[in-house]
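Chain residues, written in single-letter form:
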Amino acid sequence: MASSKWVALNVMDWLVENPTLGPKELKRRIKEKYQVDVSYFKVWVGKEACLEQIQGSWVESFDRLFNFKAEVEKRCPGSLVEIDYKENKGKHQFSKLFVALKPCIDGFLQGCRPYLGIDSTFLLGKYRGQLAAATAIDGHNWMFPVAYGIFESEAAENWVWFLQKLKQAIGTPRGLALHTDAGIGLTKAVGIVFPKGVEHRECMMHMWKNMMKKFHGTAIDDNIWPAARAYDTIFYDKYMGKIKAVCPEAIKWLEQNHPHIWARSKFNGICKVDYINNNISESFNNKINPLKGLPVDELADKLRQMMMEKIEVRRRVAAKFEGTIIPSVIKELNAITRDLKGYIVKLSSSTEAEVSGSYKDGTAWRESVDLEANECSCNQWQIFGKPCTHALVVICSKRDKVEKYVNKYYSVQMFKAAYSHAIRPMPGKAKWTKGTQGFKLHPPNLKRPAGRPKTTRHKEGKPWGKKHKCKKCGRLGHRQSTCKENVLDEGQSEAGPSNNKRWLHKLYLLLFYNRSYTTQFTIVLQAKNLKYN
């Protein structure tokens, strides 16, 4: 019978190639190659023993972070790698880690829009914790990781430390927008570290889920999302007015609990990002999901390696671009121009015009366009940086080139600048430069909840999800079998029993097969003034 030691010996080649393989996959491979059916637990024990041989122990991984820091600073001068620790009973214990590689810092400042999605995801290793990240987007709308860090929990003090290091790395670029979820600790930290000069956006999806816990109805469902997506403040006020007319308490609740920006009409026109959800952070979390169970030094190095490879791949992509604007952007705008119908253009000058038309219900509308200022009264061009449909109609009527009116953040020049700085390769951990901290860094105190550790994220249930309806009382949230309501018929006193015909039918069928109890059953019904039809 196979033992965990046998498993550790035979899965080593697979784990050297891919240390993120799970016990389930390893169990399948063992069955396929050796025709041996090993229990899940033995595979898990063997995997952990094998990973400890390959990567070293979890306890030692924290002390090796100083070697990682020294090697990164040697290979990529100008990078910011900070390790925070606490003294506890004479021992130095790990507290926090922050990493911002110099090529990522320069790429963000020189080639990306001043927008950062900030979020964290839970780790799956022995000591758990949170992996935080600040993620930007380039002109191609591809995610661009700028910095990452590790700390124990999403407490405000940890987020303050992370954002302080982030500010030290990138400064405060003009028009910087920080997009966060509805977490209390992160929201508080942004106000402390970036009190002025930064636009704090809040994820619409998180805000809406919180709102649905307190307020319901078609007036909110039909208007809150259109209000968030509207570029024009007129339409924003229109949709919010419909909500206020039906439920003014919802508007007050929004103002008190979600004071940050979540609607496009409130965005600044500098960063040229119109995202109302923090999806860029969710994309990063999904990307690094297989790495979350690695020891901390291995995790930090794998993230660096992932960024190194991605920058090189996109540098080769950028080398093939020609022209002034990224080809995918031009292709997108050209596709829109082929479907422009029903617009009326009246020129005011060589660069200004009025564009009019009508909605599906026949209501007329009119917008003013200024090609020289790159502005339209609908406000979409100013926020997004790409010409809106009204501007495209005017540009096409003048037989002009679309690329002249696209913002510089979508230019080939800036895209190449974002990926012009390579992350230099590093040798294996055995050859890393030794740290000079002068002490041994110990892991934090192990805090693990009771039960089996979770390895997957259990997302909060959707507020619009299906709810069971009780067939007895008609209420939502429970079934008939667990209903505790005493439902009364008309004219029946509260002390009397309910006329539950379904219950009577089941009992009658049960007793029908035993004729000796049928007469007793009828007597019981008569005694309780009930009838079975």
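Residues numbered from 1 in each chain as written. Predicted model: local features only at pLDDT ≥ 70, side-chain atom pairs only at ≥ 80, totals over all residues. Heavy atoms only, no water.

Quick word on the pattern of salt bridges
- Scanning all chains against the criterion turns up 20 salt bridges.
- With its nearest N and O atoms 2.7 Å apart, the salt bridge here joins E25 to R28. Of this pair, E25 and R28 both sit in helix α3 (residues 23-34), separated by three residues, roughly a single helical turn.
- The class of R28 is partly exposed, set by a relative accessible area of 43%.
- Note that R29 and E25 form a salt bridge whose closest N and O atoms lie 3.0 Å from each other. Here R29 and its partner E25 are both found in helix α3, four residues apart, which amounts to about one turn of the helix.
- Here R29 falls in the partly exposed class, since its relative accessible area comes to 25%.
- You can call E25 partly exposed: its relative accessible area is 25%.
- Among the charged side chains, a salt-bridge network with shared partners connects E25, R28, R29 and E32. (Salt bridge = Lys/Arg side-chain N within 4 Å of Asp/Glu carboxyl O. Helix = DSSP H or I, 4+ residues; strand = E, 2+ residues; numbered from the N terminus. Buried < 20%, exposed > 50% of the residue type's maximum accessible area, 1.4 Å probe, protein only.)

A few points about the environment of K238
- Mapped onto the elements, K238 comes out in helix α13 (residues 233-246).
- The class of K238 is partly exposed, set by a relative accessible area of 42%.
- Considered as a pair, K238 and P226 are 12 residues apart in the sequence and their alpha carbons are 9.8 Å apart.

Focus on the nonpolar core
- Counting residues in each nonpolar core, the largest one holds 104 residues, and the members touching the most others are L116 and L163.
- Counting residues per element, this core draws most heavily on helix α16 (residues 296-319), at nine residues.
- Residues within four places of L116 in sequence aside, it is in contact with F108, A134, T135, A136, V146, L166, I170, L176, A177, L178 and H179. (Core = buried A, V, L, I, M, F, W, Y, C linked by side-chain atoms within 4.5 Å. Contact = heavy atoms within 4.5 Å.)

Quick look at the packing of aromatic side chains
- On inspection of all chains with the given rule, the structure shows 22 aromatic pairs.
- Where W381 meets Y405, the ring centres are 6.4 Å apart and the plane angle is 70°; that geometry is what we call edge-to-face. Of the two residues, W381 is situated in helix α18 (residues 380-384) and Y405 in the loop between α19 (389-397) and α20 (412-418); the sequence distance between them amounts to 24 residues. When sorted by exposure, W381 lands in the same class as Y405, which is buried.
- Here a set of aromatic residues connected by ring pairs shows up, and it is made of W142, F144, F321, F415 and Y419.
- The ring of F267 has R201 sitting right over it, with the charged end atom 3.6 Å from the ring centre. (Phe/Tyr/Trp six-rings, centres within 6.5 Å; stacked < 30°, edge-to-face > 60°. Lys NZ or Arg CZ within 6 Å of the ring centre and 35° of its normal.)

So, the side chain of H390
- Residue position: H390 is located in helix α19.
- Look at H390 and you get buried, because its relative accessible area is 12%.
- Setting aside chain neighbours within four positions, we find H390 in contact with Y343, V355, W365, E367, V369, C376 and C378.

A word on the packing of helix α6 (residues 65-75) against α16
- Where α6 meets α16, the axes come as close as 9 Å, and the angle between the chain directions of the two elements is 25°. As the angle between them shows, α6 and α16 are arranged roughly parallel. Our pair here, α6 against α16, has a crossing hand that is right-handed. Facing L65, F68 and V72 of α6, the residues of α16 in contact are V296, D297, A300, D301 and R304.
- Its residues placed into classes, the contact of α6 with α16 shows five nonpolar, no polar and three charged. (Axes fitted to C-alpha atoms, helices over the stretch in contact; angles between N-to-C directions. Parallel < 35°, antiparallel > 145°, perpendicular 65-115°, else oblique. Left-handed = near helix turned anticlockwise from the far one by under 90°. Nonpolar A, V, L, I, M, F, W, Y, C, P; charged D, E, K, R; others polar.)

Focus on a nonpolar patch on the surface
- A contiguous nonpolar patch, built from Y40, F41 and W44 and spanning about 350 Å² of accessible area, is present on the exposed surface.
- Note that W44 resides in helix α4 (residues 40-55).
- Judged by its relative accessible area of 40%, W44 falls in the partly exposed class. (Patch = residues over 30% accessible without salt bridge, like charges linked within 9 Å, V, L, I, M, F, W, Y side chains within 5 Å. Areas by Shrake-Rupley, 256 points an atom, 1.4 Å probe, with all protein chains shown as cover.)

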